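Next come the chains, spelled out residue by residue.
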Amino acid sequence: MLSVALLDRERLKDLTEMLSEINDIDYGNPQLHDSYDYVIVGAGPAGCVLANRLSEDPSVSVLLLEIGRGERPAFSEPPLLGPMLASTDYNFGYVTEPQKYGCLGLTGRRCNWAHGRGVGGSSIINNVIYTRGNRRDFDNWARAGMEGWSWDEVLPYYRKIERANIRDFENNGAHGKDGRVSVEDCPFRSDVSKAFVASAAESGYPYLDYNAGDNLGVSFLQAHTKRGHRVTGGTTYLKDVYHRPNLHVSTRSWVIKILFDEAKKEAVGVRFTKNKRYHTVKARRELIISAGAFETPKLLMNSGVGPAAHLAQHGIKVLQDLPVGRRIYEHGGVFGPIFIVRNVPAIEQNLISLEQVVTLDEILRFRNGTGPLTSNSIESLLYVKSPVAADPDPDMPDVEVMQSFTSFSFDSSTSTRFAYHLPDALFREYYGPLVGTRNFMFLPMLLKPHTVGRLELKSRNPFHHPLFRYQYFEDERDVEALVYSIKEVLRIMQAEPFRRLGVEQYTRPVPGCQHLTFNSDDYWRCHVRTLTTTFEHQVSTCRMGPAGDPEAVVDSRLRVRGIRRLRVADVSIIPEPPSAHTCAMSYLIGEKAADMIKEDNGY
């Protein structure tokens, strides 16, 4: 009886803690000053890092302005519930323009371009996948003239960021142990993930640590979680320091314009709205824009920094003619092949529907760092080099394949469908027959797309969403790369570890592709164009480049060209599509920018 009473007390304690996390994290409501040494716009991962690092010196004052609010841990921490956040105000709710060559089966032929808002930015709503990129990404930047960005120069920053717990690779020298961001193996691994990693290794792909510099191979997922709980820019870099007297965090503050001393061509502050009132604040040393790949270029252009002809179209006075928004790259992908598991292990009988894992017992398991709620469903990653890859280096992959332990039949609610723009009719016809079965899917993602688009202003109204001039698969090679990766998956699935699970391919064709021979190249081309998806990795809208680069907006120290006291520090500066998800890079940019700012300001 005593043990039962103790168990009940433990359950009551867990439930009490859960109830306390239903509310937003409160970053306070400071009485704002007229000026600060540094003003940071945007509390994504990079902005949170900057706020922390720049305020370490108590003699320096820092203001962090964020359009959103603090995250709500009860809903944001379980990675498996991530799609539910897409329908909340933690997401800007952007969508692409109607597509001609991709997203053809989705609602309105549009893909969802989720973009996080709130303290933590997209780290609140992303898939908690932590990938740094291939060493060749950074070495290519350095060779192109971006000093300080080689792999050997950024690796110490990656180590500084991490508090790593990676079972198979913890002693390879690539990971940090004392950083703020917990990076770990997912506590939950299905038999499917183990079979996939083993089968890929049998099929010629080396088992490796894809965060150690080389990533052409296969491995289990490394996630930015702590005991299976999502960690974000806010919880890792701000939650324990926002009370510093020299640091103010102002949420629900929408910055609408950068203020300049036009005679000196230097940034002096910002104008923003909060509580239905307009406010102005000055930056004595520097203004740092960390609002992300969409909001940063929009703010710059609305303030007169951007392509002169485009700004003139909207009647905006041009302060500096720069190619802001002229490039945007995207890691497009596809909801790929699905497989059914016939020999389901007893321990995985609950992986058939979301309802089976959103129970009190499973929530309590999650609280203790175990169970499927600790996973975002992505368990392992395969990096592939296709025959259409532009980079001749044989060790630079151009496609990443994510293995998920579910497909969309897992979630009977509308959350996932809404998050990915899946029409009800398509869901019923294609995923409906899978309801009640143990099945899983693969998600191939382009790392090095050939297609490039641009971002423009819809109007001079700072509250309007930007306009995306981007067409998936405008370059046919992007489709061919994804088709090649799907065929690699089909080859790997023939290996012995999968045969032992009784795995068989789901052969129902995607609606709109029924006229094509199933599993033919033409069928998969149709599948890719119909079930296109995004992974929230848009980059290059404020591209970094060396001196003389006509496509660069910022230099290698992230200073906006031609404007004093103004920097950009977020993923918009990434000069070309990286072979990585962008969250880890956002932390890297924040840490590196903080050091450069300190150096340039003499402390």
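Keep in mind it's a predicted model, so treat the numbers as computed, not measured.

### Structural notes on unusual backbone geometry
Alright, step 1. Non-glycine residue R252 carries a positive phi angle of around 50°.
Alright, step 2. Its place among the elements puts R252 in the loop between β11 (247–250) and β12 (254–261).

### Quick word on the packing of aromatic side chains
Alright, step 1. The tally for this structure, following the rule as stated, stands at 38 aromatic pairs.
Alright, step 2. Relative to Y420, the ring of F408 lies with its centre 5.6 Å away and its plane at 35°, an arrangement referred to as tilted. A residue pair is termed long-range when its members are at least 10 positions apart, and F408 in the loop between β20 (399–404) and α11 (415–420) and Y420 in helix α11 qualify at twelve residues. Of the two residues examined, F408 and Y420, each falls in the buried class.
Alright, step 3. Judged by centre distance (4.8 Å) and plane angle (75°), the rings of Y430 and Y431 are edge-to-face. We note that Y430, like Y431, is buried.
Alright, step 4. One aromatic cluster is present, built from ring pairs that chain together F92, Y94, W113, F294, F468, Y470, Y472 and F473.
Alright, step 5. Taking the ring centre of F92 as reference, the NZ or CZ of R117 above it sits at 5.1 Å.

### A short note on helix α13 (residues 476–492)
Alright, step 1. Over its 17 residues, α13 extends 25 Å from the first C-alpha to the last, a length consistent with the 24 Å expected when each residue adds 1.5 Å.
Alright, step 2. Every buried residue of α13 is listed here: D478, V479, A481, L482, V483, S485, I486, E488, V489, L490 and I492.

### Focus on the pairing of β20
Alright, step 1. When you tally the buried positions in β20, you get six out of six residues, the bulk of the element.
Alright, step 2. In β20, alternate side chains face the same way, and those of V399, V401 and Q403 on one face and E400, M402 and S404 on the other are all buried.
Alright, step 3. Strand direction decides the pairing type here: strand β19 (residues 378–384) and β20, joined by six bridges, are antiparallel. If you follow I378 over to β20, its bridge partner there is S404.
Alright, step 4. As paired elements, β20 and strand β21 (residues 439–446) share six bridges and run antiparallel to each other. Residue pairing in the sheet places Q403 in a bridge with F442 of β21.

### Considerations on the environment of S123
Alright, step 1. Within the fold, S123 resides in the loop between β4 (112–113) and α4 (135–143).
Alright, step 2. Put simply, S123 and T236 are 113 residues apart on the chain and 11 Å apart in space, counted from C-alpha to C-alpha.
Alright, step 3. If sequence neighbours within four positions are ignored, S123 has contacts with P45, H224, R230, T232, G233, C583 and Y587.
Alright, step 4. A distance of 2.4 Å separates the side chain of S123 from the backbone oxygen of G120, its partner in a polar contact.
Alright, step 5. A polar side-chain atom of S123 sits 3.1 Å from the main-chain amide nitrogen of G233.

### Side note on helix α8 (residues 292–302)
Alright, step 1. Across the eleven residues that make up α8, a large majority, eleven, are buried.
Alright, step 2. Taken together, the buried positions of α8 are occupied by G292, A293, F294, E295, T296, P297, K298, L299, L300, M301 and N302.
Alright, step 3. Phi for G304, located one or two positions after α8, is positive at around 100°.

### Describing the sheet that holds strand β5 (residues 162–165)
Alright, step 1. Across the sheet, which stays open at both edges, the three strands sit in the order β5-β6-β8 with mixed pairing between neighbours. Strands at the two margins of the open sheet, each flanked by one partner only, are β5 and β8 (222–223).
Alright, step 2. The sheet contact formed by β5 and strand β6 (residues 181–185) spans four bridges and is parallel. Opposite E162, over in β6, you have V181 as the bridge partner.
Alright, step 3. Of the strands in this sheet, β5 and β6 are in contact with helix α5 (residues 151–161), which crosses β5 at around 75°.

### Quick word on the confidence of the model for the protein
Alright, step 1. Chain-level pLDDT for the protein is 93 on average; 96% of the residues reach the 70-or-more range.
Alright, step 2. Segment residues 1–7: pLDDT under 50, and zero contacts once partners within four positions in sequence are set aside and those in other chains are kept.

### Regarding the state of the cysteines
Alright, step 1. Enumeration over the complete set of coordinates arrives at two disulfides.
Alright, step 2. Through a disulfide, C103 is tied to C111; the S-S separation comes to 2.4 Å. Its S-S torsion of about -105° marks the bond between C103 and C111 as left-handed, since a negative value means left-handed. Accessibility classification places C103 together with C111 in one group, the buried group.
Alright, step 3. The disulfide pattern of the protein is 1-2, 3-4 when the bonded cysteines are numbered in sequence order.
Alright, step 4. C186 takes part in no disulfide bond, and the closest cysteine sulfur, belonging to C583, lies 14 Å away.

### Concerning the pattern of salt bridges
Alright, step 1. Scanning the entire structure with this criterion turns up 46 salt bridges.
Alright, step 2. Two residues, K598 and E56, come together in a salt bridge whose shortest N-O distance is 3.1 Å. With a gap of 542 residues between them, K598 in helix α16 (residues 583–600) and E56 in the loop between α2 (45–54) and β2 (62–65) connect regions that are remote in the sequence.
Alright, step 3. Given a relative accessible area of 16%, K598 falls into the buried group.
Alright, step 4. With its nearest N and O atoms 2.7 Å apart, the salt bridge here joins D475 to R477.
Alright, step 5. Here the salt bridges do not stand alone but share partners, grouping E286, D555, R557, R559, R567, E599 and D600 into one network.

### Here we look at the nonpolar core
Alright, step 1. Among the nonpolar cores identified, the biggest contains 170 residues, and W149, Y158, L238, L287, Y431, L558 and L566 are the most heavily contacted of them.
Alright, step 2. Those residues in contact with L287 that sit more than four places away from it in its chain are V39, V41, I258, A267, G269, V270, R565, L566 and R567.

### Thoughts on the environment of E262
Alright, step 1. Counting through the fold element by element, E262 comes out in the loop between β12 and β13 (266–274).
Alright, step 2. The spatial distance from the C-alpha of E262 to the C-alpha of I492 is 60 Å, given a sequence separation of 230 residues.
Alright, step 3. Setting aside its immediate chain neighbours within four residues, E262 contacts K317 and L319.

The rules behind each value
- Residues numbered from 1 in each chain as written.
- Predicted model: local features only at pLDDT ≥ 70, side-chain atom pairs only at ≥ 80, totals over all residues.
- Heavy atoms only, no water.
- Helix = DSSP H or I, 4+ residues; strand = E, 2+ residues; numbered from the N terminus.
- Phe/Tyr/Trp six-rings, centres within 6.5 Å; stacked < 30°, edge-to-face > 60°.
- Buried < 20%, exposed > 50% of the residue type's maximum accessible area, 1.4 Å probe, protein only.
- Lys NZ or Arg CZ within 6 Å of the ring centre and 35° of its normal.
- Expected span 1.5 Å × (residues − 1).
- Pairing = 2+ DSSP bridges.
- Contact = heavy atoms within 4.5 Å.
- Polar contact = N/O pair within 3.5 Å; in protein donor to acceptor, adjacent residues only side chain to side chain.
- Axes fitted to C-alpha atoms, helices over the stretch in contact; angles between N-to-C directions.
- pLDDT = per-residue confidence, 0-100.
- Disulfide = S-S within 2.5 Å.
- Salt bridge = Lys/Arg side-chain N within 4 Å of Asp/Glu carboxyl O.
- Core = buried A, V, L, I, M, F, W, Y, C linked by side-chain atoms within 4.5 Å.

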